[in-house]
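# Notes for the structure review
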Amino acid sequence: MDTTFLKGLRMLQALSLSDRPRGVTDLARELGLTKSNSHRLLKTLVHAGYAQNNSETAKYSATLKVWELGSHVLSKVDVKSAASAYLQPLADKTGESVHLSLLVENSVVYIDKIDSAQPVRAYSQIGKGAPAYCVATGKALLAFQGEDAIARVSEKLEVHTPRTITDSDEFKREMARVRQLGYAINRGEWREGVCGVGAPIRDSSRQVIAAVGISGPESRMKPTFMREQALIVIQTADLISKALGYPGDAVAYRKTA
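The notes below deal with the structure included here. All values reported here derive from a predicted model rather than from experimental measurement. (Residues numbered from 1 in each chain as written. Predicted model: local features only at pLDDT ≥ 70, side-chain atom pairs only at ≥ 80, totals over all residues. Heavy atoms only, no water.)

### Brief notes about the pairing of strand 8 (residues 208-217)
Taking burial as the measure, the ten residues of strand 8 include ten buried ones, the bulk of the element. Across five bridges, strand 3 (residues 97-104) lies against strand 8 in antiparallel orientation. Paired with Leu 100 across the bridge in strand 8 is Val 212. Both strand 7 (residues 194-202) and strand 8 contribute to a ladder of nine bridges, which runs antiparallel. In the strand pairing of strand 8, Gly 198 is matched with Gly 213. (Buried < 20%, exposed > 50% of the residue type's maximum accessible area, 1.4 Å probe, protein only. Helix = DSSP H or I, 4+ residues; strand = E, 2+ residues; numbered from the N terminus. Pairing = 2+ DSSP bridges.)

### A look at the pattern of salt bridges
Between side chains of opposite charge, pairing is possible as soon as their charged atoms come close. For the structure shown, the criterion picks out twelve salt bridges. For Arg 20, the salt bridge identified is with Asp 26, shortest N-O distance 3.5 Å. Relative accessible area serves as the criterion here: at 23%, Asp 26 is assigned to the partly exposed category. Salt-bridge contacts for Lys 139 lead to Glu 174; the nearest nitrogen and oxygen are separated by 2.8 Å. Of this pair, Lys 139 sits in helix 5 (residues 136-142) while Glu 174 sits in helix 7 (residues 168-181), placing them 35 residues apart in sequence. (Salt bridge = Lys/Arg side-chain N within 4 Å of Asp/Glu carboxyl O.)

### Some points on helix 2 (residues 24-31)
Residues of helix 2 that are buried include every one of Val 24, Leu 27, Ala 28 and Leu 31, and no others. On an axial view of helix 2, the arc spanned by its buried residues comes to 100 degrees, and they lie on one face. On its buried face, helix 2 is in contact with helix 1 (3-17), helix 3 (35-48) and strand 2 (59-62). (Arc of directions from axis to C-beta. Contact = heavy atoms within 4.5 Å.)

### What about the packing of helix 2 against helix 3?
Contact pair helix 2 / helix 3: the axes reach a minimum separation of 9 Å and the direction vectors enclose 110 degrees. By the angle between their directions, the pair helix 2 and helix 3 is classed as roughly perpendicular. Each of Val 24, Thr 25, Leu 27 and Ala 28 in helix 2 lies in contact with helix 3, whose residues at this interface are Lys 35, Ser 38, His 39 and Leu 42. (Axes fitted to C-alpha atoms, helices over the stretch in contact; angles between N-to-C directions. Parallel < 35°, antiparallel > 145°, perpendicular 65-115°, else oblique.)

### Here we look at the packing of aromatic side chains
Inspection of the entire model under this criterion finds one aromatic pair. Ring geometry for Tyr 133 and Phe 171: centres 6.5 Å apart, planes at 90 degrees, overall edge-to-face. In this pair, Tyr 133 sits in the loop between strand 5 (129-131) and helix 5 while Phe 171 sits in helix 7, placing the two residues 38 residues apart along the sequence. Lying over the aromatic face of Phe 144, Arg 202 brings its terminal NZ or CZ to 4.9 Å of the ring centre. (Phe/Tyr/Trp six-rings, centres within 6.5 Å; stacked < 30°, edge-to-face > 60°. Lys NZ or Arg CZ within 6 Å of the ring centre and 35° of its normal.)

Interpretation in functional terms is not warranted from these geometric data alone.
Right, here's the structure in full:
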């Protein structure tokens, strides 16, 4: 294990928990480090944007970047709790399996789900996931990650079914369509014969942090049906967003895809 990395984390923790700026000697004594070692760690934290140095007092303090990271993690922890009251009603209204997803690098991970009561249904496991660009909740998350993130994903599109979008320009157009409509559709792009609809969930800072969606067999998930169910999915995402403190209204919905 990298001891320098662990020392850096301990230094960041000490700065974050302190109610005042700290000097090198003070921090070195608390953490049991040499002054030179402490100084190197602090310089690294400053360079990375996690700490700041007051040139007049020569003391260090944590920056808001630490708070931003903590807030982002907290939102992700809270989203499952916030969504719990709305997943079963979505399953009841649509008759299909429901997924609550997070974006982890270029994949989605399912953190909660409700299985459809129908004998033929989409299969998934909590804690498992799929390439984000192939499934509805993943598209709903990716579309709001910014142009750079979308561009990176568009360069690594692999084939999973004959319907997987693998052309970079086509994928970028798909992301623009998701932002315009407020929802995403999977047309059997991850598993053949399995389709879905997903919509983004926002937190109190208006950031898209999760997505909720439905999925089922293509025999039921016809294009018209999916467009009709999209409004219900968007409304559910909006309710979860508001439970997380999102101050806005639902994403504009249009019945064209």
